[in-house]
Amino acid sequence: QVQLWQSGGGSVQAGGSLRLSCTASTDTVRIDCMGWFRQAPGKEREGVATFYRGDGGTYYADSVKGRFTISRDNAKNTVFLQMNSLKPEDTATYYCAAARWLPRSTCVSGGYGGFVLWGQGTQVSVSS
């Protein structure tokens, strides 16, 4: 009943920028937390950035702090991930995720265990 629709991604040179978008197809179902996760081939899924609806609390992986920014469109159930100063290490499939009734502490922990709704994923490739 709730779906996440991702857009953005692509290929970019190191130092470039990309912006990912994710929209939840509901205005009636409560969503406490939305976030971005990524997974590179052969590696574990990693939390990139999350956004807590209640107070705007955020989580950023240390590897992306200062380069990535998660934001929300207040008019829609949409979150963005602005990725600047991209590095080859950022190459991965990026997934949008959402969780209902997720505590703030869990939302901003960077873990993915509480997320049930997932987008289809989008590839981000950064070349040097």
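Look up a bit, the structure's there.
Quantities reported herein were computed from a predicted structural model and do not represent experimental measurements. (Residues numbered from 1 in each chain as written. Predicted model: local features only at pLDDT ≥ 70, side-chain atom pairs only at ≥ 80, totals over all residues. Heavy atoms only, no water.)

## Quick look at the layout of surface pockets
How we decide: Here a cavity means grid points, on a 1 Å grid over the protein atoms only, where a 1.4 Å probe fits yet cannot get out; a pocket means an open set of points with protein on both sides within 12 Å along at least five of seven lines; lining residues are those with an atom within 4 Å of a point. Grid points are joined across faces, edges and corners, and a volume is the space filled by probe spheres set on the points. By the convention adopted, Pro, Cys, Tyr, Trp, Phe, Met, Ile, Leu, Val and Ala count as nonpolar, Lys, Arg, Asp and Glu as charged, and the other residues, Gly among them, as polar.
Of the volumes computed, that of the largest pocket is approximately 160 Å³. In this structure, the largest pocket is lined by R38, Q39, A40, K43, E44, E46, P88, E89, T91 and A92. The residue makeup of the lining of the largest pocket, split by class, is 3 nonpolar, 2 polar and 5 charged.

## Digging into the state of the cysteines
The cut-off we apply is this: Here, a disulfide means two cysteine sulfur atoms that sit within 2.5 Å of each other. Only runs of H or I of at least four residues qualify as helices and only runs of E of at least two qualify as strands under DSSP, and these elements are numbered from the N terminus. Exposed residues in this analysis have more than 50% of their type's maximum accessible area, buried residues have under 20%, and partly exposed residues fall in between, with area computed by a 1.4 Å probe over protein chains only.
Within the structure shown, the criterion is met by 2 disulfides. Here C22 pairs with C96 through a disulfide, and the sulfurs are 1.9 Å apart. Linking C22 and C96, the disulfide has an S-S dihedral of approximately -80° and is accordingly described as left-handed. One end of the pair, C22, is in strand β3 (residues 18–24); the other, C96, is in strand β9 (residues 92–99), and 74 residues separate them in sequence. One exposure class covers both C22 and C96, and it is buried. Paired through a disulfide, C33 and C107 show a sulfur-sulfur distance of 2.0 Å. Torsion about the S-S bond of the C33 and C107 cystine: about 80°, corresponding to right-handed handedness. Pair noted here: C33 is in strand β4 (residues 33–39) and C107 is in helix α1 (residues 104–107), with a separation of 74 residues, a long-range link. Side by side, C33 and C107 carry an identical accessibility label, which is buried.

## Topic: the sheet that holds strand β7 (residues 68–73)
Going by this rule: Whether two strands pair comes down to DSSP finding at least two bridges between them. For every element, the axis is a line fit to its C-alpha atoms; helices are fit only across the contacting stretch, and the angle between N-to-C directions ranges from 0 to 180 degrees.
Within the open sheet, the 4 strands sit side by side as β1-β3-β8-β7. Their pairing is antiparallel. Only two strands of the sheet have a single partner each, and these edge strands are β1 (4–7) and β7. On average, each strand axis in the sheet is inclined to that of its neighbour by 15°, with strand direction left out of account. Note that β1 and β3 share 4 bridges and pair antiparallel. Its bridge partner being in β3, L4 is matched across the sheet by A24.

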